[in-house]
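Structural overview for review
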Amino acid sequence: MMTSDNHGDSNGQPPAAERPGGACTAARCVRRTPGRRDLALVVPGETDYLQLVRDFVTAIARKMGFPDHRVGEIEIAVDEACANIIEHAYGNASLRERVIVAHHGDRGAEAITLRVSIYGDRIELRIFDRGPRFSVEELESLDLAEVVGSGRARGIGSYIIRSFMDEVRHTYHPGEGNELTLIKYLG
Amino acid sequence: MKELRIATEPTETDGRSVQIVRLAGYIDAHSYPRFEEEMLALVNQGHYRLLLDLHEVTYICSTALGLMLQLFRQVRQNAGDLVVARVPEKIANILNLLGISKLIRAFRSEQEALQCLATADEQRR
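Now for a look at the structure at hand. These figures come from a predicted structure and were not determined experimentally.

1. Regarding the pattern of salt bridges
In the structure shown here, the tally under the stated rule is 20 salt bridges over all chains. The salt bridge involving Arg22 of chain B is made with Glu9 of chain B; its shortest N-O contact spans 2.6 Å. With Arg22 of chain B in strand 2 (residues 16-27) and Glu9 of chain B in strand 1 (residues 4-13), the pair connects residues that are 13 residues apart, well separated along the chain. For Glu9 of chain B, a relative accessible area of 34% puts it in the partly exposed group. Note that Asp53 of chain B is salt-bridged to Arg86 of chain B, the shortest N-O span being 3.0 Å. Pair noted here: Asp53 of chain B is in strand 3 (residues 49-60) and Arg86 of chain B is in the loop between strand 4 (81-85) and helix 3 (89-98), with a separation of 33 residues, a long-range link. Taken together, the salt bridges that share partners define one network made up of Arg54, Glu75 and Asp79 of chain A together with Asp28 and Lys90 of chain B.

Next comes the structure, spelled out in structure tokens:
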């Protein structure tokens, strides 16, 4: 299932991507409500941090008791979502462009924030970026047979996100960025 | 683990050359350009019989899967084939869910894959 809206989430948490500040990454664990645990990871929007994101997500999913093949599905869905942000929202900027951004003290604008909520029956992953409005249509239906038959690579990532997660929601926060919520249930 | 290691070994089956490509590590948006460069170089050099050993691959992204499909079509158009061997269960699950395993054949060992490539050649003759 996939939905999209322009409103904040119902958990009272900040909608926008966080700035990493001086550190490259940050991970925190906060217990908010009984039976639920929240963790967060903030990384620069650069491809060499994707492995860190995957390691973070797979460690949590394994700890929750997801079987290996389900862990793999969560891993690839999150990786594809983050890679999509880096390529499209942040434009896969060159090293030179990144240095210029850093010198202007606005490096945090290219951060990706991943918030993970652990429930008894599911994992909820919310991915925040500060890019322009995400095109929801990119996550819409795809004829995989046509993609496979034609050897066309484009679209497989979006198909993976939509197919491998139980729920997919998109929220755009004007002036702040996108929030993509991915949910997978245990069992 | 280094992000991606690619080792290519030429071999022969039934008198025809096969390129065995042994991959180790992960293929994501960061390491993909090297994977693409090496694979395209092989095909552009006229190697149309490819065996990808995925035993030590920990992750493969959609762009790399797309490239495999693209190369599969290209080598087939040149009377070749692209097969995979020793696919980790996690990656096999992804290939199955996406329907890629219906096109690109997977084998439990490199030897089985080589035998199949030889048999396919016999059938074409």
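2. Here we look at helix 3 of chain B
Looking only at helix 3 of chain B, the buried set comprises Ile91, Asn93, Ile94, Leu95 and Leu98 of chain B. One or two positions beyond helix 3 of chain B, positive phi appears at Gly99 of chain B, with a value near 80°.

The rules behind the values
- Residues numbered from 1 in each chain as written.
- Chains lettered and ligands numbered in written order.
- Predicted model: local features only at pLDDT ≥ 70, side-chain atom pairs only at ≥ 80, totals over all residues.
- Heavy atoms only, no water.
- Salt bridge = Lys/Arg side-chain N within 4 Å of Asp/Glu carboxyl O.
- Helix = DSSP H or I, 4+ residues; strand = E, 2+ residues; numbered from the N terminus.
- Buried < 20%, exposed > 50% of the residue type's maximum accessible area, 1.4 Å probe, protein only.

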